[in-house]
Amino acid sequence: MSQIPLADLDAFVAIARVKSFRAAAKLRGVSASALSEAMRRLEGRLDLRLFNRTTRSVTLTDAGERLLERLAPALAEVEAAIDGVNSLRNRPVGRLRLNVPGVVARFVLPPIATPFLQAYPGITLEVASNDALVDVLAEGFDAGIRYEEALHQDMIAVPIGPRRQRFVVAAAPSYIAAHGAPDHPRDLMRHRCILHRFASGRVLPWAFERGEEKMSLMPPACLISGSNEVELHAAEAGLGLVCTFEEFLAPALATGALRIVMPEWIQSFSGPFLYYPSRILMPAPLRAFVDFVKANPWPE
């Protein structure tokens, strides 16, 4: 009984409503013979006659009346559920879950997320800030934001946020007065430095560029932290040199609490990318977000 095709039940309701195989067939865009075959299958499975047929009329039997009474509301619910799901293809309503690194959550996403949510009030945006490399699909996210070196090759990537960002080295005036400022990355080996430990557990070397010259080194640490706030506070207190996103240091640089050192040796790199697995059958909230990001490029 559970293997009765839903299409046959739907055909039964269509015929019962108009009391005509021909009229029901026209409404459904199929042949009258196809509906007749569907009713033969249904009556055969139920072992009950559902219609009394003559050359002039089609009427329901008592069994047909009872089936229609119970079945019509149920099929209406099914139809409404399908219509509700179909509407999500074109109407951006629902939840959008993003996994982003801390620097993106703090500096890149806010000026994008606010106007996006104002434009699409039916969307709920959920943002998880995570500097570790995660499988966004396995973790239940619709998309992620990462930098170029962390993107998977099988993902679609869309630029989001500033197209170039910089790592800079800075120190407090009190540190520079006490220890001097380095002129070359090699000078860092005799300075006190504040290093960052990423969520993966790695402490990365500091990388530098000057024209075509590139070099990296692991300077001696006076502090290693996983918190940018801790590192910034220590640098402002004159504890040592810090190397991080220029955005993190911007307020302290603006007030003079920190100063950039070795300004000709600054690492520049591509900005972040929004990435997701496929353009096919994209959830409406994600499609709306992708389209919004493309239509509103980051001001340079």
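So, a few notes on the structure that sits alongside this text.

Thresholds applied
Every residue gets a number counted from 1 within its own chain, in the order that chain's sequence is written. Note on the predicted model: pLDDT of at least 70 is required for a residue's local features to be given, and 80 or more for side-chain atom pairs to be given and counted; whole-chain, interface and lining totals, by contrast, use all residues. Heavy atoms throughout the structure, all of them, feed into the side-chain values; hydrogens and water do not. Only Phe, Tyr and Trp rings take part, Trp by its six-membered ring, and two of them pair if their centres are within 6.5 Å. Stacked means planes under 30 degrees apart, edge-to-face means over 60, and tilted covers everything else. Secondary structure counts use DSSP, requiring at least four H or I residues in a row for a helix and at least two E residues in a row for a strand, with both numbered from the N terminus. Burial here depends on accessible area, computed with a 1.4 Å probe over protein chains only, as a share of the maximum for the residue type. Under 20% is buried, over 50% is exposed, and the range in between is partly exposed. Any carboxyl oxygen of Asp or Glu that lies within 4 Å of a side-chain nitrogen of Lys or Arg is treated as forming a salt bridge with it.

This paragraph deals with the packing of aromatic side chains. Applying the stated criterion to the full structure yields 12 aromatic pairs. Ring plane angle 80 degrees and centroid distance 4.8 Å describe the contact between Phe 167 and Phe 245, whose orientation is recorded as edge-to-face. Separated by 78 residues along the polypeptide, Phe 167 in strand S7 (residues 164-171) and Phe 245 in strand S12 (residues 241-245) bring together distant segments of the chain. For Phe 245, a relative accessible area of 12% puts it in the buried group. Ring plane angle 80 degrees and centroid distance 5.7 Å describe the contact between Phe 245 and Phe 269, whose orientation is recorded as edge-to-face.

Let us now look at the pattern of salt bridges. Tallied over the entire structure, the rule returns nine salt bridges. Of the charged contacts in the structure, one is a salt bridge between Arg 40 and Glu 37, with a shortest N-O distance of 3.0 Å. Pair noted here: Arg 40 and Glu 37 are both in helix H3 (residues 32-46), with a separation of three residues, about one helical turn. Residues Arg 106 and Glu 229 are paired through a salt bridge, measuring 2.9 Å at the closest nitrogen-oxygen approach. On the criterion of sequence distance, the pair formed by Arg 106 in helix H5 (residues 102-108) and Glu 229 in helix H8 (residues 228-236) is long-range, its members being 123 residues apart. Taking the relative accessible area as the measure of exposure, Glu 229 reaches 48% and is therefore partly exposed. Counted as one network, the salt bridges with shared partners bring together Arg 95, Arg 97 and Glu 126.

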